[in-house]
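# Secondary and tertiary structure notes
What follows is the residue order along each chain.
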Amino acid sequence: MAQSRRSSWKRSIMVGASLAVMAAPFHALAQQPVAPPAPAQGQGQGQGSVAQGAQGGNAQGNAGQPTTPPPAGNGAMLPAPPPAQPVIRSPVPLLASPAGPASIADLAEGLLDAVVNISTSQAVKGEEGNGPQPQIQQGSPFQEFFDDFFNDKKNQQSAQKVSSLGSGFVIDPSGYVVTNNHVIEGADDIEVIFPSGRKLKAKLVGTDTKTDLSVLKVESKTPLKAVPFGDSKKMRIGDWVMAIGNPFGLGGSVTLGIISARGRNINAGPYDNFIQTDAAINKGNSGGPLFNMRGEVIGINTAIISPSGGSIGIGFAVPTELAENVVHQLIEYGETRRGWLGVRIQPVTDDIASSLGLDKARGALVSGVVADGPIKSGEIKAGDVVLSFDGQAIKEMRDLPRIVAESPVGKQVDVLVQRDGKQQTVKVTLGRLEDSADTDDNDDGDDNGQQTPDGNGGGNSAPGNKQGQNDQQKDDQKAAREPVTLFGMTVAPLDAEQRKTFSIADSVDGVIITAVAQGSAAADKGLKPGDVVVEVAQDFVETPGDVTERFDALKADGRRNAQLMIADKAGNLRFVAISLE
């Protein structure tokens, strides 16, 4: 019986030891291994941790041997296996800074106080004549109420007030504020509201409709927080920008984005050179600043493209390279004082570039010179292509008016032009562009094209009535005066009968186009009956024979296109290029 008990006890001990050995590997997988304590001097090297035993036994002499203790003799109780030491996992270290783009909180905080809300009000007379007023029989008991109702309604219509909201920013601690002209246009009362809630009445210092900019002045007892202008020329596509403004009247709203494009022309004015950004610009942001990441104003938010009226990520700002000079002039003079060259221009197309011997389409083609303008002695002539102005390259037509306008009045500048297939530099002294006159550099103006170049290179002069020359031409060969058809257009002498038929002004001279074939080269260039060919390849023509002779000479020279100066019935000039192939 005693032997049976000992056998049962030994079996229990063996089962428990086996379970401990089997559990050790799974425990090791869930915990980091812990190094065993160093053995005492003289002690065996066969003892190890549970985890180490599960990985291959004792460190010395027991490799491959089971870890179950040997059976003890004489019924002695086996010692329990050492308990596994708990292992504490180290936590994942926290990042030193939050993930995502760097914060602009410090930048925005330092700029918010300089950005203001612009509130305007305007008295608008109510519309009248919305239909006949109903009549009521005299003596009716309701006549008194009837008259009171309609008389009160008429008074309300005559005294309506319209309010609008926009944005602006302080550029000088003394109280000068920049905004858009369309924000304050026609306003009877202008109020500037600061982020603190402070309200100050503002007076209009000056406005410029061509760039949609205005300057206001408020009187403050303490200096105001102001922001500086930066250099928009240094900004690149992809640079970060920040807009602050008053969208939908919410005030003090900050949005972030990048510069999406530069030099955008949205046909808002003659000097379009907008910065495009995807920073959210909405109604009420107009006149607010667009900042670079140094806190400098590099644009004034002006317009958006939006079918819904809200931001779709396409906003436009006037760059400071254009706005800064305008703002300083408005503060100093109360108006803008722009340079004026006094020429009419048109784009240089690929065909025109080829006909003039240019390597590619570039520059601005002069189609006329304004009478009594800065060009006094034929320094620039119709047919010239302006390639450079005051050291700045003219890449396309619209560059010239903007660069000229930014130049000081009275400055003498060097102008590089292409004339007769050669480049030459001329000096021109700029005049002043009067806003009241319709004299934009790329506008046809009101001169009715009375500046026609001398075909022999003698300078520009108004051709006037060349009846004497026409009379002399009557003695020329009749063959030269016979109508001819070239490239789908029929040309004939411009005599009195043709002038009357097509209502051609007396100041216009050349060869009249009497017919244009559909689908022809001439039709493709927009030529039509009644147009007058004034020049061919910068040579004046008076007869159909002159036109034929010039075309033949150009073909003989290997030219692929012929440049024509065309006048409409009023004398407004333009250039077209006809393919000679």
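The sections below set out a description of the structure shown in this document. Keep in mind the model is a prediction, meaning the values are calculated, not measured.

## Here's the deal with the overall build of the protein
When you go through the protein residue by residue, the secondary structure sums to 13 helices and 29 strands. For the protein, the proportion of its 581 residues judged to be buried stands at 40%. Here the protein has roughly 31,600 Å² of accessible surface; of this, 51% comes from carbon and sulfur atoms.

## Some words on the pattern of salt bridges
All told, the structure shown has 18 salt bridges when counted by the stated rule. Linking Arg362 and Asp359 is a salt bridge whose minimum nitrogen-to-oxygen distance equals 3.0 Å. Of the residues examined, Arg362 reaches a relative accessible area of 22% and is grouped as partly exposed. In this structure, the salt-bridge partner of Asp384 is Arg419, at a minimum N-O distance of 2.7 Å. Taken together, the positions of Asp384 in the loop between β15 (364-369) and β16 (385-389) and Arg419 in strand β18 (residues 412-419) put the pair 35 residues apart, joining distant regions of the chain. Here Asp384 and Arg419 have matching classes, each one buried. Here the residues in one salt-bridge network are Glu335, Arg337 and Arg432, joined through shared partners.

## Brief notes about the pairing of strand β29 (residues 573-579)
The element β29 is extensively covered by neighbouring structure, given that five of its seven residues are classed as buried. Pairing analysis gives seven bridges linking strand β28 (residues 561-567) to β29, with the strands arranged antiparallel. Note that in β29 the partner of Ala562 across the bridge is Ile578. The turn joining β28 and β29, which pair antiparallel and follow one another in sequence, is formed by five residues; a positive phi near 100° is taken by Gly571.

## So, the packing of aromatic side chains
A complete count under the given rule lists three aromatic pairs for this structure. Taking the centre distance of 6.2 Å and the plane angle of 65° together, the rings of Phe274 and Phe316 count as edge-to-face. Of this pair, Phe274 sits in strand β9 (residues 274-277) while Phe316 sits in strand β12 (residues 315-319), placing them 42 residues apart in sequence. Considered together, Phe274 and Phe316 belong to a single accessibility category, that of buried residues. A ring pair is formed by Phe487 and Phe551, whose centres lie 5.1 Å apart and whose planes are at 85°; its orientation type is edge-to-face. With Phe487 in the loop between β23 (484-486) and β24 (489-493) and Phe551 in helix α13 (residues 544-556), this pair connects stretches of sequence that are 64 residues apart. Relative accessible area serves as the criterion here: at 2%, Phe551 is assigned to the buried category. A cation over a ring is seen here: Lys217 above Tyr176, with NZ or CZ 5.4 Å from the ring centre. Note that Arg337 overlies the ring of Tyr333, its terminal NZ or CZ placed 3.8 Å from the centroid.

## A word on unusual backbone geometry
The phi dihedral of Asp390 is positive, around 55°, even though this residue is not glycine. The residue Asp390 is located in the loop between β16 and β17 (392-393) in this model. Here the phi dihedral of Phe487 falls at roughly 55°; this positive angle occurs in a residue that is not glycine.

## Things to note about the environment of Leu356
Tracing the backbone through its elements, the reader meets Leu356 in helix α7 (residues 350-356). Taking the C-alpha atoms as reference, Leu356 lies 8.4 Å from Asn561; in sequence the two are 205 residues apart. Ignoring anything within four residues of it in the chain, the contact list for Leu356 reads Leu365, Val385, Gln418, Gly421, Arg559 and Gln563.

## Comments concerning the nonpolar core
Counting 31 residues, the largest nonpolar core has Leu111, Phe169, Val227, Met242 and Phe291 as the members making the most contacts within it. Elements supplying a minimum of two residues to this core: α3 (105-109), β2 (160-172), β6 (213-218), β7 (240-245), β11 (297-304), β12 and α6 (320-333). Looking at which element gives the most residues to this core, the answer is α6, with five residues. If we ignore the near neighbours within four places in the chain, the residues touching Leu111 are Val227, Met242, Ile244, Phe291 and Gly295.

## What to know about the sheet that holds strand β8 (residues 253-264)
A barrel is described by the order of its strands in space; here six strands give the closed sequence β7-β8-β9-β12-β11-β10, paired in antiparallel fashion. Shown here is a sheet whose adjacent strand axes are inclined to one another by a mean of 45°, direction ignored. Across five bridges, the pairing between β11 and β12 is antiparallel. Bridged to Asn301 within β12 is Ala317. On top of the sheet, α6 reaches β8, β11 and β12; it is set at about 55° to β12, its chief contact.

Scoring rules and cut-offs
Residues numbered from 1 in each chain as written. Predicted model: local features only at pLDDT ≥ 70, side-chain atom pairs only at ≥ 80, totals over all residues. Heavy atoms only, no water. Helix = DSSP H or I, 4+ residues; strand = E, 2+ residues; numbered from the N terminus. Buried < 20%, exposed > 50% of the residue type's maximum accessible area, 1.4 Å probe, protein only. Areas by Shrake-Rupley, 256 points an atom, 1.4 Å probe, with all protein chains shown as cover. Salt bridge = Lys/Arg side-chain N within 4 Å of Asp/Glu carboxyl O. Pairing = 2+ DSSP bridges. Phe/Tyr/Trp six-rings, centres within 6.5 Å; stacked < 30°, edge-to-face > 60°. Lys NZ or Arg CZ within 6 Å of the ring centre and 35° of its normal. Contact = heavy atoms within 4.5 Å. Core = buried A, V, L, I, M, F, W, Y, C linked by side-chain atoms within 4.5 Å. Axes fitted to C-alpha atoms, helices over the stretch in contact; angles between N-to-C directions.

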